[in-house]
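# Chains, contacts and geometry: an overview
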Amino acid sequence: MVSRQKKENNTVTRVYKYGLFRKDNLPKDAIDELFHANQIWNNLVNLHNENYKKIIEARCDASPEYAKLTNDINAFEELIKIENDNIRKARIKAKTTDNSHPDIVPIVEARGNFIKSKKDALEKRKSIKFNLDMKSIKKEFYNNVKEINKSYNGKVYSLTTEKIKKNFKTAREKVLSDPRKSRLNFHRFDGSGFYHFRCRQIDKSSNGAKWSDLFEGDNWNLRDKRLMLTGIKRTVEKKNQVKQWIGVKSKLGNDWVHFDLIYHRPIPDEGIITNGQIIRERIGTRFRYHLCITVDLPQSEPSSKNINANIGIDINWRLAELADHDNKTLKVAACVHFDHVNEKLLKSEMIYLPEKIQYAANHVKRLESELSESARLLGEKLKPELQKCKQEENKYWKIAANNRFQLNFETARKLKSDHDFGKVNLTEIAENLLNNWHQKYYIKYCEHHNLNKKYLTNRKHFYRNLAARLIKYNIPIAVENLTLSKMAEVKNKSNKLGGKSRGQRVHAAPSELLSALENVAKREGIAYTKLNPSNTSKTCHVCHTIFKEMDSGEHWECPSCGTKHDQDINAAINIAHRGYESLQKKAKNNGKN
């Protein structure tokens, strides 16, 4: 369940997500609807790209300065690409990713100058004012949008078309507001998608219905019969889980598809359901289904009591040995509950990833290594054959045929898929190499894909359950304000973390834990404070002495007062102190105002 947004009528919108288990085969009409919905999106994206080019051309024709700056921006983009490639080559030659290396520094500086020049040109171009009449271009664009939607009448459910159009409008506005940071992408159809429905009572014009209104029966009073509940099937042994039948009716067919619904979190009686979706998601060779329901709930006021205790959480990622296990697992955080009035540590605990998640991650990594090695060996034989038949219009051929890049198993699989669908032509030798590789490793690819998705889902659920457990104490939470993007090498960014530590950071996913804590705190009205993490590990929480000579060990002794500390617990206590002080300052400022 995710808190979405507050409304003016003192309500908050939340999304309830439930698991579905398909009981019937999905009819062809239902699959076709997903395919056509994907086509609508791709046609809209193509229309946006054409319209954006027309806007740029019209501005260039109207202003020579705008045209010059546009040419400069395109030139800088090409130069940046060249410098990125030079940085990659220099790193390989120097055998390091450290940008302070003498051979890499001048290239990084040159790229930085090009990036700065590009930003300056974008700012200058943005400040140019036009006396253009854009009405004709806009009118043509919106007329084409209507034509695209009309062309799929009878193929896609009208509410689904409206939802796609709304999502496209939001994404387009984001792109037009800042073209540097985002763009619209085409979606490759893989059988996934969603079926949209809306809850509106027959005798009312506004959206809204209660959970009980969704049940099929003599008193059915909803306009949209896309989704129905046909009553409780049975109660299972697990706590708070109820299975129910749901029917999703395709507009073109008369068949209903039945699902078992895991109703693990009841929707409050006062909740008003406005709309929802049944989502079909591909995982390897299988599909997973979810029911997402959007609900409006009355806004509850946060607690105004003066709480003198809080929770402090120190984020880290290091392998640790548990007392009752022989294997090592990943420690992701230290958590303390501290009473600031009595200066007393109420509770402390270390948060470890469960052993099954650690094992699954290691297994996924082994499978990925095996697949990567197989694709590398395939690439050595395949690249000469691919270069014999140029297919520049196919991006997977361009990657696979390029000697500068090592072939990975995902690119090889997509190249095989494009060849099967006639999108790329290969020599007989290349075709045989791909077919033999695919036949040998496809099962392992599916296993890797399924296990990776399962492992990521289990980790997400673990963090969400942890956040729900901590929020039940109903006291403020303080965490470190970490810039996690700087702690992993992405594209051309470097950092001082070693490869092993960087891998552990990715495996621990601290951003996922922090997001879970923040979401549940906002939902329940609990104070959630982000703090500067500087010197939290090196400061003694007893005498507040900063021990700058502290090494990376887990335990250390304060040179001033002699207190022996666990580094992570000590950091969590300092974070709790800073969080409490921050809340006290806010309370005083609010009192003055």
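Residues numbered from 1 in each chain as written. Predicted model: local features only at pLDDT ≥ 70, side-chain atom pairs only at ≥ 80, totals over all residues. Heavy atoms only, no water.

So, about the overall build of the protein. The secondary structure content of the protein amounts to 12 helices and 15 strands. Relative to its 593 residues, the protein shows a buried fraction of 42%. Pairs at least 24 residues apart make up 66% of the contacts formed inside the protein by residues separated by at least 6 positions. Total accessible area on the protein is roughly 34600 Å²; 48% of this is exposed by carbon and sulfur atoms. (Helix = DSSP H or I, 4+ residues; strand = E, 2+ residues; numbered from the N terminus. Buried < 20%, exposed > 50% of the residue type's maximum accessible area, 1.4 Å probe, protein only. Contact = heavy atoms within 4.5 Å. Areas by Shrake-Rupley, 256 points an atom, 1.4 Å probe, with all protein chains shown as cover.)

Turning to the packing of helix α1 (residues 28-62) against helix α4 (residues 135-151), a few remarks are in order. The contact between α1 and α4 brings their axes to 10 Å, and the two run at 170 degrees. One finds that α1 runs roughly antiparallel with respect to α4. In this structure, α1 uses I40, N43, L44, L47, H48, N51, K54, I55 and A58 to contact α4, whose residues at the interface are I137, E140, F141, N144, V145, I148 and N149. Across the contact of α1 with α4, the residue classes break down as 9 nonpolar, 5 polar and 2 charged. (Axes fitted to C-alpha atoms, helices over the stretch in contact; angles between N-to-C directions. Parallel < 35°, antiparallel > 145°, perpendicular 65-115°, else oblique. Nonpolar A, V, L, I, M, F, W, Y, C, P; charged D, E, K, R; others polar.)

Keep in mind that low pLDDT regions are not for reading the predicted coordinates in detail. The share of residues in the protein with pLDDT of 70 or more is 86%, and the mean pLDDT across the chain is 81. Note on residues 488-495: pLDDT under 50 across the span, and 21 contacts to partners over four residues away in sequence or across chains. (pLDDT = per-residue confidence, 0-100.)

Tracing the chain through its elements places F462 in helix α9 (residues 428-471). Residues F462 and L353 lie 109 residues apart in sequence; the distance between their C-alpha atoms is 8.2 Å. Leave out the neighbours within four places in its chain, and F462 touches I351, Y352, L353, P354 and I357.

Turning to the pairing of strand β2 (residues 11-22), a few remarks are in order. Pairing analysis gives 10 bridges linking β2 to strand β8 (residues 286-298), with the strands arranged antiparallel. Across the sheet, residue G19 finds its bridge partner in β8, namely H290. Of the pairings in the sheet, the one linking β2 to strand β6 (residues 256-262) comprises 3 bridges and is antiparallel in character. Counterpart to L20 in the pairing with β6 is L261. (Pairing = 2+ DSSP bridges.)

Summed over the entire model, instances satisfying the criterion amount to 22 salt bridges. One salt bridge in this structure joins E349 and R469, with 3.4 Å as the shortest N-O distance. Here E349 is found in strand β11 (residues 344-352), whereas its partner R469 is found in helix α9, with 120 residues between them in sequence. E349 sits in the buried class, given a relative accessible area of 17%. Look at R469 and you get partly exposed, because its relative accessible area is 34%. The partner of E410 in a salt bridge is R413, and the shortest N-O contact between them spans 3.3 Å. A residue pair is termed a helical-turn pair when its members lie 3 or 4 positions apart in one helix, as E410 and R413 do in helix α8 (residues 409-420) at 3 residues. (Salt bridge = Lys/Arg side-chain N within 4 Å of Asp/Glu carboxyl O.)

The end-to-end C-alpha separation of α4 is 24 Å, in line with the 24 Å expected for 17 residues at 1.5 Å each. Listed in full, the buried residues belonging to α4 are I137, F141, V145, I148 and N149. Buried residues of α4 fall within an arc of 110 degrees about the axis and therefore sit on the same side. α4 presents K135, K139 and K150 as exposed residues on the side facing more than 90 degrees away from its buried surface. Residues of α4 that are buried make contact with α1 and α5 (158-177). (Expected span 1.5 Å × (residues − 1). Arc of directions from axis to C-beta.)

Now for unusual backbone geometry. In this structure, E343 takes a positive phi of about 50 degrees despite not being glycine. Along the chain, E343 turns up in the loop between β10 (328-339) and β11. For N474, which is not a glycine, the phi torsion comes out positive at approximately 60 degrees. Mapped onto the secondary structure, N474 falls in the loop between α9 and β12 (477-480).

Applying the stated criterion across every chain yields a total of 11 aromatic pairs. Aromatic side chains Y18 and Y263 sit 5.4 Å apart centroid to centroid with 40 degrees between the ring planes, which places their arrangement in the tilted category. Of this pair, Y18 sits in strand β2 while Y263 sits in the loop between β6 and β7 (272-283), and the two are 245 residues apart along the sequence. The pair Y18 / Y263 is uniform in exposure class, with both members buried. Between F462 and Y463, the ring centres sit 5.6 Å apart and the planes meet at 45 degrees, which makes this aromatic pair tilted. Cluster of aromatic residues (ring-pair linked, three or more members): W41, F141, Y142 and F168. Over the ring of F141 we find R172; its NZ or CZ atom is 3.9 Å from the centre of that ring. Between R280 and the ring centre of F287, over which it is positioned, the NZ or CZ distance is 3.6 Å. (Phe/Tyr/Trp six-rings, centres within 6.5 Å; stacked < 30°, edge-to-face > 60°. Lys NZ or Arg CZ within 6 Å of the ring centre and 35° of its normal.)

It is the contact of helix α6 (residues 355-386) with α8, at a shortest axis distance of 8 Å, that shows an interaxial angle of 55 degrees. When the axes of α6 and α8 are compared, the pair comes out oblique. Of the residues in α8, those touching α6 at E368, L371, S372, A375, L378, L382 and L386 are F409, A412 and L415. Residues of the contact of α6 with α8, tallied by class, amount to 8 nonpolar, 1 polar and 1 charged.

Put simply, side chains in a regular strand alternate between the two faces of the sheet. Examined bridge by bridge, β7 and β8 share 11 bridges and lie antiparallel to one another. Opposite G276, over in β8, you have I293 as the bridge partner. Following β7, the chain reverses through 2 residues before pairing antiparallel with β8; G284 in that reversal takes a positive phi of roughly 65 degrees.

On the surface, K146, K150, K165 and K169 cluster together to form a positively charged patch. Of all elements in the fold, only α4 and α5 reach the threshold of two or more residues within the positive patch. Among the secondary structure elements, K146 is positioned in helix α4. (Patch = residues over 30% accessible without salt bridge, like charges linked within 9 Å, V, L, I, M, F, W, Y side chains within 5 Å. Lys, Arg positive; Asp, Glu negative; His and termini not counted. Charge placed at Lys NZ, Arg CZ, Asp CG, Glu CD.)

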